[in-house]
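Coordinate analysis (summary)
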There are 2 protein chains.
Amino acid sequence: MDFIFVMTSEAAKIFVDYLAGNGLSMTPQRKVIVETFLETKGHFSAEELLALVQKTVPEVGQATVYRTLKLLVDSGLAESHDFGCGVALYEHSYGHEHHDHLVCTRCQKKVEVVDESIEKRQEILARKNGYVLTNHRMMLFGLCPACQKLRDKEEAES
Amino acid sequence: MDFIFVMTSEAAKIFVDYLAGNGLSMTPQRKVIVETFLETKGHFSAEELLALVQKTVPEVGQATVYRTLKLLVDSGLAESHDFGCGVALYEHSYGHEHHDHLVCTRCQKKVEVVDESIEKRQEILARKNGYVLTNHRMMLFGLCPACQKLRDKEEAES
DNA sequence: AATAGGATGAAAATGGATTTCATTTTCGTC
DNA sequence: GACGAAAATGAAATCCATTTTCATCCTATT
Ligand SMILES: [Zn+2]
Ligand SMILES: [Zn+2]
Ligand SMILES: [Zn+2]
Ligand SMILES: [Zn+2]
């Protein structure tokens, strides 16, 4: 493998700095994984990322993707979520404000949501119990508009 | 095994009704598992429940505990939570109002919390996006008072 | 180019949870 | 009370996402 290590985006720089700051080195595998990651949108699993990476460099191993995904999370570029579907899903966190998720229980469609007053109340709840809040997870589950229609149609038919 | 099927608590009745309503039968195993479950407090894993059950009836198998725990969840008596510790933890949900959790990231101490205004806002968030909210999960992570002290002490020492 | 510590991929291991399957139980029917 | 279909059980096997192992390869520094 013969790569030129040029990664110019802000996010890429953060990753490079993270590696340098932790005595880790940039490698062809890490480069292609991070580049591929940076091109993704939305929420995806490690397996999905692996498949994308292998379109470019088929010999990258899954263990390396898992390992690099961990580095991405630690460097603050990625965030991992458990939506209850059995696999961890990742998403960008650099340049993405904090948000929570509204998930359709039927088609898995996800909407990113934030409510400042909820965030404030969470702080208050924690403080009231003497805890120092470090982070939180909030996931709202329901039926998306499309799936509501589908369900209504199904009910009408039966 | 020779059991007398007397389960008098409200919760036990709900379970019995759930079984009847679904063409399932009460069995000695289900009985001891449910009784043991009803005696627990707080949050516990399937393995922990299995251990408790086996103190009374050693020959109960783990698969049966997993299976019965699922029935307990379906019947509305139990709730399962993923606190990120690698195993599902269960808790009573009959006679327990809905609540969310504030969890210490160091000692796992859990406080049950509710904030009506957060619950209302969640509804609004969902509706604003056209979703029909069915349920939600909210978990606040932080350091409990005791662990804050411990951490301060450690920092002073180093 | 020598070297030491990292990094990698294939394969094996892990571990919670689920499934399989041969054997029992349950429960309505005779 | 015995019968038989359907359900339930336990032990063991299996699943499956993720992690670990380990022999080999690469990177950065001299
Ligand atoms: Zn939030
Ligand atoms: Zn949907
Ligand atoms: Zn709530
Ligand atoms: Zn604590």
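Residues numbered from 1 in each chain as written. Chains lettered and ligands numbered in written order. Predicted model: local features only at pLDDT ≥ 70, side-chain atom pairs only at ≥ 80, totals over all residues. Heavy atoms only, no water.

**Some details on the interface of chain B and chain A**
Of the residues lining the interface, 35 residues belong to chain B; the matching set on chain A comes to 35 residues. Interface area for chain B against chain A, summed over the two sides, is near 3,000 Å², with a carbon-plus-sulfur share of 59%. Run the count over chain B and chain A and you get 2 salt bridges. A salt bridge links Arg-121 of chain A to Asp-115 of chain B; the shortest N-O distance between them is 3.0 Å. The interface formed by chain B and chain A contains 18 residue pairs in polar contact (both at pLDDT 80 or more). At the level of elements, β4 (100–104), β5 (110–113), α5 (116–128), β6 (132–143) and α6 (145–157) of chain B are the ones that each hand at least two residues to the side of chain B that touches chain A. Residue contributions to the side of chain B that touches chain A peak at 12 residues, all from β6 of chain B. Class assignment for the residues of the side of chain B that touches chain A results in 19 nonpolar, 10 polar and 6 charged. As paired elements, strand β6 (residues 132–143) of chain A and β6 of chain B share 11 bridges and run antiparallel to each other. Residue pairing for β6 of chain B: Val-132 of chain A is matched across the bridge by Leu-143 of chain B. (Contact = heavy atoms within 4.5 Å. Buried area = accessible area lost by both parts, 1.4 Å probe. Salt bridge = Lys/Arg side-chain N within 4 Å of Asp/Glu carboxyl O. Polar contact = N/O pair within 3.5 Å; in protein donor to acceptor, adjacent residues only side chain to side chain. Helix = DSSP H or I, 4+ residues; strand = E, 2+ residues; numbered from the N terminus. Nonpolar A, V, L, I, M, F, W, Y, C, P; charged D, E, K, R; others polar. Pairing = 2+ DSSP bridges.)

**Some points on the coordination of the zinc ion (ligand 3)**
Residue and element names in this part refer to chain B. Around the zinc ion (ligand 3), the protein contributes the donor atoms His-98 (NE2), Asp-100 (OD), Glu-119 (OE) and His-136 (NE2), which lie 1.9 to 2.1 Å from the metal centre. Viewed at the metal, the 4 donor atoms of the zinc ion (ligand 3) are separated by angles of 94 to 127 degrees, and the geometry they form is tetrahedral. Every donor residue of the zinc ion (ligand 3) comes from the same chain, spaced as H-x1-D-x18-E-x16-H. Placement of Asp-100 in strand β4 and of Glu-119 in helix α5 is noted, with a sequence separation of 19 residues between them. Neither Asp-100 nor Glu-119 differs from the other in exposure class; each is buried. (Donors = N, O, S within 2.8 Å, 3.2 Å for Na, K, Ca; no water. Tetrahedral: all angles 85-135°; square planar, octahedral: opposite > 155°, others 65-115°. Buried < 20%, exposed > 50% of the residue type's maximum accessible area, 1.4 Å probe, protein only.)

**So, the protein's contact with DNA strand D**
Not every one of the 21 residues close to DNA strand D is listed here, only the nearest: Tyr-66 of chain A together with Thr-27, Arg-30, Thr-64 and Arg-67 of chain B. Within the backbone of Gly-61 of chain B, one N or O atom sits 3.1 Å away from a phosphate oxygen of DNA strand D. With respect to DNA strand D, the side chain of Arg-67 of chain B contributes an N or O atom lying 2.7 Å from a base nitrogen. Of all the secondary structure elements, the ones that give two or more residues to the surface near DNA strand D are α4 (62–74) of chain A together with α2 (28–39) and α4 (62–74) of chain B. Top element by residues in the surface near DNA strand D is α4 of chain A. It accounts for 5 residues. Taken together, the residues that form the surface near DNA strand D break down as 8 nonpolar, 8 polar and 5 charged. (Near = heavy atom within 4 Å.)

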